[in-house]
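An overview of the molecular structure
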Amino acid sequence: MIRLEKRKQTSRFWTYVTPILAVVLTMIFGGVLFAILGKDPVLAIKTIFWDPVFGEFAFYYRPEVLKKAAPLILIAIGLSYGFKAGIWNIGAEGQYIIGAICAAGVALAFYPMEGRWFIFPLMIVAGVLGGMIWAMVPALLRVYFKTNEILVSLMLVYVADVLIKAFSIGLMRNPDGHGFPGSRNLNDYSSAANLELIAGTGLHWGVIAAMGVVVASYAILARHQFGFHVRLTGESPRAAGFAGVNANRLIMVCFLISGGLAGVAGMFEVSGPAAQILGSFPSAYGFTAIIVAFLGRLNPIGILLAGLLLALTYVGGGAAETAMNIPSATIQIFQGMLLFVLLSVDVLTNYRLRWAAKAGGV
Amino acid sequence: MSDQLLSLTGLTKAYPGVVANDDVTFAIGKGEVHALLGENGAGKSTLVKMIYGLVKPDSGSMTLNDQPYHPQEPRQARASGVAMVFQHFSLFDAMSVAENIALGMERPPAPRDLAHQIREVSQTYGLPLDPHKTVGGLSAGERQRVEIIRCLLQNPKLLIMDEPTSVLTPQEVEILFKTLRQLKSEGTSILYISHKLDEIRALCDTATILRLGKKVDTCTPAEKSARELAEMMVGTSFPSPQRQDRDLGQVLLSVSGLSVAATDAFGTALRDISFDIRAGEILGIGGVAGNGQDELLTALSGETRAPTGMIKIKGQDIGQWGPNARREVGLLCAPEERLGHAAAPNLSLTENAMMTGAARRGLVSGGLLNWSKARDFAQEIIASFDVRTPGSQNAARSLSGGNLQKFVIGREVLQNPDVLVVNQPTWGVDAAAAAAIRQALLDLANQGAAVIVISQDLDELIEISDRFGALNEGRIEKFVPMAGLSIDEIGLMMGGAGTDV
């Protein structure tokens with residue numbers, strides 16, 4: 001029989017190894033899943049994880065990976081603060097959508113005026129503020145009425161979802177769109193477009209912002225008092241209170257950071273890859289970012305790597321869908337499985353396995 | 001048939017990196033009160049857990065009544081007649097006494113029968129207890145009675161008691177001892193774990209002393225002095241705290257009419273507490289656990305705010321200030337709960353040094369943390385307070401209770417406080433470490449600081465404090481000079497046994 005024994009200290013080794021182990025196990029379980037679907041498991045795994053980066057058409061897929069990784073990393077970094085402190089913003093998806101709506105609203109308000117020097121930055125501000133305002137709702141309710149922030153933030157996702165659908169067929173519908181739903185294409189509006197800075201690389205402003213946020217976040221967590229307070233609160237709320245951390249203010253700040261970063265991710269998405277407000281706005285980044293944050297151990301560098309990996313599953317999954325006729329839901333199952341496996345093997349960081357004889361004893 | 005109830009032979013249990021029990025052999029006679037003595041980390045708990053079936057030994061054997069005994073789980077141990085009263089009670093506050101007792105039984109009788117049985121046992125053993133009372137409203141002593149009665153209902157042959165008197169008033173201790181002596185006369189054996197050496201000398205027939213997992217000696221405690229016992233536990237001799245006469249200076253902290261509402265349902269509100277404390281003075285605050293000790297500490301530390309005008313330091317009103325602002329004017333605190341309040345369990349000692357030392361030791365400037373300075377500070381604490389740990393990078397929870405307590409007290413003392421408030425500074429700490437901590441508090445007062453010691457250990461308060469007051473339901477009626485106060489007077493001030501017997 002296997003027994004779990006608590007470690008005296010969190011294992012450093014397993015902290016770094018469990019994400020890798022989780023990815024490998026997920027590939028194995030995923031392979032079994034593909035085999036059950038009657039597909040060649042090895043080929044499927046290769047199509048998803050290998051070909052987009054090293055295969056024949058990598059020149060097409062690599063920029064796609066980067067474009068998908070940017071919002072995942074931005075949102076996940078924002079979430080990592082709250083998650084470290086035990087503050088559960090599950091509604092980044094909603095904050096991301098509202099950020100996109102606000103940014104697009106700014107762009108559409110100025111259309112067709114020229115003036116990228118102020119319109120584009122203003123869109124960024126609008127995206128950040130939109131996400132922040134949406135995140136403030138669960139934060140304030142939690143602080144003043146002790147509501148559960150998990151439920152409130154999650155429910156607000158569905159409100160945001162309804163709003164973007166309403167905007168795409170209502171207020172923001174393209175007047176020249178022949179009655180089709182969806183706003184103007186922001187990629188065609190040079191003052192608001194977030195296009196590749198160097199063609200064929202996938203590098204747009206969102207990617208640069210994501211990299212900047214990774215570096216800044218690393219510095220804050222390692223060196224700044226705020227990062228220390230976040231960690232202290234997560235480890236032991238009472239000890240944090242004793243150290244002088246104002247718990248309510250910390251909740252608000254964590255929500256502001258995650259909301260702001262999710263909102264700006266929405267801004268870069270609506271002005272770039274998505275190009276318009278539409279009911280089917282590329283979604284689930286806000287949810288997938290939760291997986292990214294945990295897979296990356298809530299560590300900025302880890303989140304960078306995990307964001308790239310999850311982006312790869314989107315891109316590779318899409319490729320496998322067309323090339324091997326794999327159902328599109330498979331990739332979501334894959335992502336869910338990854339989080340599930342990660343949380344399971346995470347036990348190893350705080351416990352060790354002991355093989356003990358069941359019967360007899362001494 | 002022998003006259004031995006339980007005999008242990010060569011019990012060994014190793015955990016990763018530490019041998020908790022190494023070849024421990026001793027026997028408990030029938031109707032014997034047997035003390036298990038040892039420093040924190042000496043392996044007392046592991047040994048008891050093996051007897052109670054919570055932990056399985058790696059090797060060695062036990063016999064109970066000459067039959068081989070190897071319990072797989074506590075249920076089996078209870079079925080064999082072994083019962084245990086834990087140091088930390090496992091009771092549900094919102095349920096009644098009878099309901100709590102029923103929860104711990106294999107086949108609880110019908111509620112009415114159980115209430116009847118509880119009354120019967122409580123009368124037989126002089127442990128007054130109303131089965132229908134809600135546990136949340138009971139004192140610590142009454143809660144312990146719930147646990148003891150729960151054990152006695154099983155008619156145990158061996159009763160294990162882990163630090164039973166740490167939460168009791170002197171009068172309650174007397175009642176407990178009477179009960180234990182009665183049990184002994186009826187042939188029940190008792191395994192008694194404590195670090196209060198005078199109690200062991202008064203109560204126990206035999207003592208087994210553990211040090212670093214090994215049995216070092218078995219003796220008759222009444223024949224040894226408390227000091228000899230302590231030195232056997234520690235393995236070396238150590239100095240007793242030395243107090244010297246001090247001149248009192250100006251009033252540093254002034255508390256007037258402090259009243260703070262309880263923050264949670266089973267907390268205690270502070271009611272109209274007033275005192276002044278001068279430079280060089282040690283104020284002892286006694287009382288049974290749960291009478292507002294924690295609340296008083298958090299009100300002084302700034303974790304809960306007090307209305308204006310109630311707390312003044314050097315004349316400045318600080319009632320509305322947060323913990324760090326109070327630290328900056330020289331008011332430092334060390335809470336009772338080491339892990340999870342005074343220190344964050346999973347963080348390193350360096351990070352825990354940063355926790356409260358940030359402002360006064362200049363570990364932060366402009367929001368940026370200076371980790372190398374924090375490491376130096378942690379190492380300074382480790383060196384000057386003899387904290388046994390491989391290094392400042394180790395997590396707080398990897399330290400033994402005594403070592404972590406030395407670290408927590410050292411962290412505050414080394415910040416040169418004007419006023420230091422400590423709650424239970426030597427709770428669960430071995431004799432040598434406790435002596436070192438008390439000496440540090442005395443030294444601090446000698447240097448002109450005001451020290452408030454909140455403690456349930458009366459010996460400690462008698463040893464170091466100048467004035468004494470007792471917390472009772474959030475009130476402190478009066479402060480009186482410690483010199484010349486008798487144990488009985490102290491007990492009456494604590495108001496415990498006098499009212500509920």
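The structure presented is a predicted model; accordingly, all values stated were derived computationally and were not measured.

Below, the discussion takes up helix α6 (residues 116-145) of chain A. All names here are of chain A. Helix length check: α6, at 30 residues, gives a terminal C-alpha distance of 43 Å against a target of 44 Å (1.5 Å per residue), a fit within 8%. Along α6, the helix axis deviates most sharply at Met-136, where the bend reaches about 30 degrees; the proline Pro-138 sits within four residues downstream. A positive phi of about 55 degrees marks Lys-146, the residue just after α6.

All names here are of chain A. By secondary structure assignment, the location of Ile-301 is in helix α13 (residues 300-324). Taking the number of C-beta atoms within 10 Å as the measure of exposure, Ile-301 has 13 and is therefore partly exposed. Taking the C-alpha atoms as reference points, Ile-301 and Tyr-144, 157 residues apart in sequence, are found 35 Å from one another.

Turning to the interface of chain B and chain A, a few remarks are in order. Every contact between the two is made by 30 residues of chain B and, on the other side, 18 residues of chain A. Looking at the side of chain B that touches chain A, the elements with two or more residues in it are β4 (59-64), α10 (323-328), α11 (349-357) and β18 (368-369) of chain B. Counting residues per element, the side of chain B that touches chain A draws most heavily on α11 of chain B, at 3 residues. Taken together, the residues that form the side of chain B that touches chain A break down as 14 nonpolar, 13 polar and 3 charged.

All names here are of chain B. Among the 6 residues in strand β3 (residues 33-38), 6 count as buried, and that is most of the element. The two faces of β3 match: Val-33, Ala-35 and Leu-37 on one face and His-34, Leu-36 and Gly-38 on the other face are all buried. Bridge count between β3 and strand β8 (residues 189-193): 4 bridges; the pairing is parallel. By the bridge assignment for β8, Ala-35 is matched with Tyr-192. Alignment of β3 against strand β9 (residues 206-211), held across 5 bridges, turns out to be parallel.

Our next topic: the sheet that holds β9 of chain B. Residues and elements named next belong to chain B. As summarised here, the arrangement of the 6 strands in space is β6-β7-β8-β3-β9-β10, forming an open sheet in which the pairing is mixed. The sheet is open, and its two edges are formed by β6 (82-85) and β10 (214-219), each paired on a single side. Adjacent strand axes in the sheet meet at a mean angle of 20 degrees, parallel and antiparallel pairs treated alike. Contacts from helix α5 (residues 140-152) reach β6 and β7 (158-162), with the element oriented near 175 degrees to β6. Strands in contact with helix α6 (residues 170-185) are β3, β7 and β8; relative to β8, the strand with the most contacts, it is inclined by about 145 degrees.

All right, on to the nonpolar core then. One finds Ile-73, Leu-74 and Ile-75 of chain A to be the most contacted residues of the largest nonpolar core, which totals 252 residues. Ranked by residues supplied to this core, first place goes to helix α4 (residues 58-85) of chain A with 15 residues. Split by domain, this core shows at least three residues from each of two domains, domain 1 (4-234) and domain 2 (251-340 + 417-500) of chain B. Ignoring anything within four residues of it in the chain, the contact list for Ile-73 of chain A reads Ala-210, Val-214, Ile-303, Leu-304 and Gly-307 of chain A.

So, how was this worked out
- Residues numbered from 1 in each chain as written.
- Chains lettered and ligands numbered in written order.
- Predicted model: local features only at pLDDT ≥ 70, side-chain atom pairs only at ≥ 80, totals over all residues.
- Helix = DSSP H or I, 4+ residues; strand = E, 2+ residues; numbered from the N terminus.
- Expected span 1.5 Å × (residues − 1).
- Bend = angle between axes of the 7 residues up to and from the residue.
- Buried ≥ 20, exposed ≤ 12 C-beta atoms within 10 Å, placed from the backbone.
- Contact = placed C-beta atoms within 7 Å.
- Nonpolar A, V, L, I, M, F, W, Y, C, P; charged D, E, K, R; others polar.
- Pairing = 2+ DSSP bridges.
- Axes fitted to C-alpha atoms, helices over the stretch in contact; angles between N-to-C directions.
- Core = buried A, V, L, I, M, F, W, Y, C linked by C-beta atoms within 7 Å.
- Domains from an automatic or database assignment.

The values reported here are purely geometric and, on their own, carry no functional implication.
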